[in-house]
Amino acid sequence: HRLCADATALLPTLLDGLIWRSKLAISSQRRVNYYVKHVIQDGDGKFNKALRWLVDAQDPKIICHPVVVLFSDMIWGRLANKYFFASRCYFMVTLLVFIVSQSILQHLNDGKEDDTQRIAAFVCRLFIYIGSMGQLFVNQVRYLVSNCKTKSFVSVGCIKVPEYLFDMQKLGALALLTVLFLMCTQEPIFHCAAEVGGNGDLFTQRCPSVEGTGRQDAYSALSMIALLLYWGLLVDLTIFSMRISAYTLVCGRVLSELGLFLGGMCFLVLAFSSSIGALKHKSKDFSDIPKGALSLLEITLGLFPTEHFMSVQKEVPVLIAVSLFIIIVTVFLLNLLVAQLNGAYHAIYADMVGFARLTRGTIIVSTLAGVSDKRWNRFLSALKLEEKLEFNEGDVGLAGGIQVLEPSSANPSAVDRIKRFAGSTSSRMPWPAEQGDIDEEDKFERLEKVIHRATKKMTGRGGKKRGAGSSSLGQGSSSGQGASGGSAGSGDSE
């Protein structure tokens, strides 16, 4: 936990130490042992919090480490995915019922209602209001109470917002709850039931209190919004595939670039529509600012009728303004958007798999909170973490790991990471000195001796040179004195 919080740079070293790879390859396969027992379970046999700490660190590089990938995928594939899918099955059933009640039943029999159709629509909508809206309401209350107990609030300006609302999935559930509540208040079946007999049909949606009041139009618009929210909340099912999940996250990250483009386009549409409105012309498509803005928007989206360009061509100032708008928006801004999306995609895709794994890790942690101890213990028993693993064939090693085979070309290794020592295996015997440490010490000792000898040689050579120079000078002076004495003696004798 401390490493995840304060020293994430040390995590790769720690995780690398949990891997043993054989230097021998058999049939192009290499044995690899991952000692992951103590990152899967704690001392009491419960689910270890290591994955939660790694997810909280929000490091897309660490979450893609082979050790983390192995044990997280193992928990997901053998345990968590089944519980997660089961929890989403009810939501998918409610979506199916909502589609039947809002998009299928009303188009049967050419729009003519019969008793069976009306009863089916009433049952489906009652299920939505009680089963779906009720579940969403209970979940929102539970999230809010949990944040209140832990005082998990985030200040947005001067307002404190519950922390769970910053989760897009939970925020979308709140939006869906709101829309379903508004639908319930505008439900035509309820309003027609309040009238005396309605038009004589049971559970009808056609009565004076609904028709001609706009209530049916509001209800249909809310139904469309609710269906979009239902489908949007199913996006978390992409977590079953890392590739699809990473693609979904990339789409979410580049939305900011699309928002910039839309903002620039709206600015140009408003600027040019107001400018064209100031011109004196007879074009009906640009007669005022709203019509001009709508026409420019249709031109941008390619929806402007071709025959209407004939009236634009007759007005030269309007034609020049529209041509300039097309050049700026269609030629410049659209190509700039493509370049921005391309650059943003290449910049963030490298980490998207890591972020997808972080999302899966969050789901694993939240899902395992509801798994029973009996099912968890059965999962641990299937892993057989208490059995000793072989290093190579016949070489029994340590327990607490999982052995897999990988291609021999994936991580080539010529060094055996197992250090073996001859002698007794008694725990009372001192741990033998490692050869690597001795070699290092010998290297420093030899280097020190070489430096010492070189220093002595350099000192000795310098002394010899100075001694030779002084002796030659003494010999020269003595010979000079002898020569002068000789010449003096010969002079006296003469």
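The structure presented is a predicted model; accordingly, all values stated were derived computationally and were not measured.

**Q** I'd like a description of the pattern of salt bridges, backed by residues and values.
**A** With the rule as written, the count across this model stands at 10 salt bridges. Salt-bridge contacts for D236 lead to R88; the nearest nitrogen and oxygen are separated by 3.3 Å. In this pair, D236 is assigned in the loop between α9 (215–232) and α10 (242–253) and R88 in helix α5 (residues 66–104), connecting sequence segments 148 residues apart. Neither D236 nor R88 differs from the other in exposure class; each is buried.

**Q** Can you break down the sheet that holds strand β7 (residues 402–407) residue by residue, with the values?
**A** Backbone-to-backbone hydrogen bonds join strands into a sheet, with any given pair of strands oriented parallel or antiparallel. In spatial order, the strands read β1-β2-β7; together these three strands make up an open sheet with antiparallel pairing. Since the sheet does not close on itself, it has two edges, and those belong to β1 (19–26) and β7, each with one partner. Adjacent strand axes in the sheet meet at a mean angle of 25° when their direction is disregarded. Bridge count between β1 and strand β2 (residues 29–34): five bridges; the pairing is antiparallel. Within the sheet, the bridge partner assigned to R21 lies in β2 and is V32. With respect to the sheet, α5 is in contact with β1, β2 and β7, its orientation differing from that of β2 by roughly 80°.

**Q** Break down empty space enclosed by the protein for me, with residues and values.
**A** Scanning all chains against the criterion turns up one cavity of 30 Å³ or more. Every residue lining the largest cavity is listed: L51, I63, V68, S72, R357, R360, G361 and I364. Contributions of two or more residues to the lining of the largest cavity are made by α5 and α14 (316–368). With four residues, α14 is the single largest residue contributor to the lining of the largest cavity. The class makeup of the residues in the lining of the largest cavity is four nonpolar, two polar and two charged.

**Q** A description of the side chain of R125 should follow, citing residues and the corresponding values.
**A** In this fold, R125 is placed in helix α6 (residues 115–150). Here R125 is in contact with S101, Q102, E187, P188, I189, Q205 and Y219, once residues within four sequence places are set aside.

**Q** Explain α5 residue by residue, including any values.
**A** For α5, built from 39 residues, the straight-helix expectation of 57 Å at 1.5 Å per residue is missed by more than 12%, its first-to-last C-alpha distance being only 48 Å. Where α5 bends most, the angle comes to about 55°, and this point is A80.

**Q** Residues and numbers for the nonpolar core, please.
**A** One finds V36, I40, L54, F71, L368, F379 and L383 to be the most contacted residues of the largest nonpolar core, which totals 46 residues. Only α2 (11–16), β2, α3 (37–40), α4 (50–57), α5, α10, α14 and α15 (373–383) provide two or more residues apiece to this core. Ranked by residue count, the leading element in this core is α5, at 10 residues. Ignoring anything within four residues of it in the chain, the contact list for V36 reads V67, L70, F71, G400, G401 and I402. One finds C124, A173, A226 and Y230 within the second-largest nonpolar core, a separate group that totals 22 residues.

Cut-offs and rules
- Residues numbered from 1 in each chain as written.
- Predicted model: local features only at pLDDT ≥ 70, side-chain atom pairs only at ≥ 80, totals over all residues.
- Heavy atoms only, no water.
- Salt bridge = Lys/Arg side-chain N within 4 Å of Asp/Glu carboxyl O.
- Helix = DSSP H or I, 4+ residues; strand = E, 2+ residues; numbered from the N terminus.
- Buried < 20%, exposed > 50% of the residue type's maximum accessible area, 1.4 Å probe, protein only.
- Pairing = 2+ DSSP bridges.
- Axes fitted to C-alpha atoms, helices over the stretch in contact; angles between N-to-C directions.
- Contact = heavy atoms within 4.5 Å.
- 1 Å grid on protein atoms, 1.4 Å probe; cavity = no way out; pocket = protein on both sides within 12 Å on 5 of 7 lines; lining within 4 Å.
- Points joined across faces, edges and corners; volume = space filled by probe spheres on them.
- Nonpolar A, V, L, I, M, F, W, Y, C, P; charged D, E, K, R; others polar.
- Expected span 1.5 Å × (residues − 1).
- Bend = angle between axes of the 7 residues up to and from the residue.
- Core = buried A, V, L, I, M, F, W, Y, C linked by side-chain atoms within 4.5 Å.

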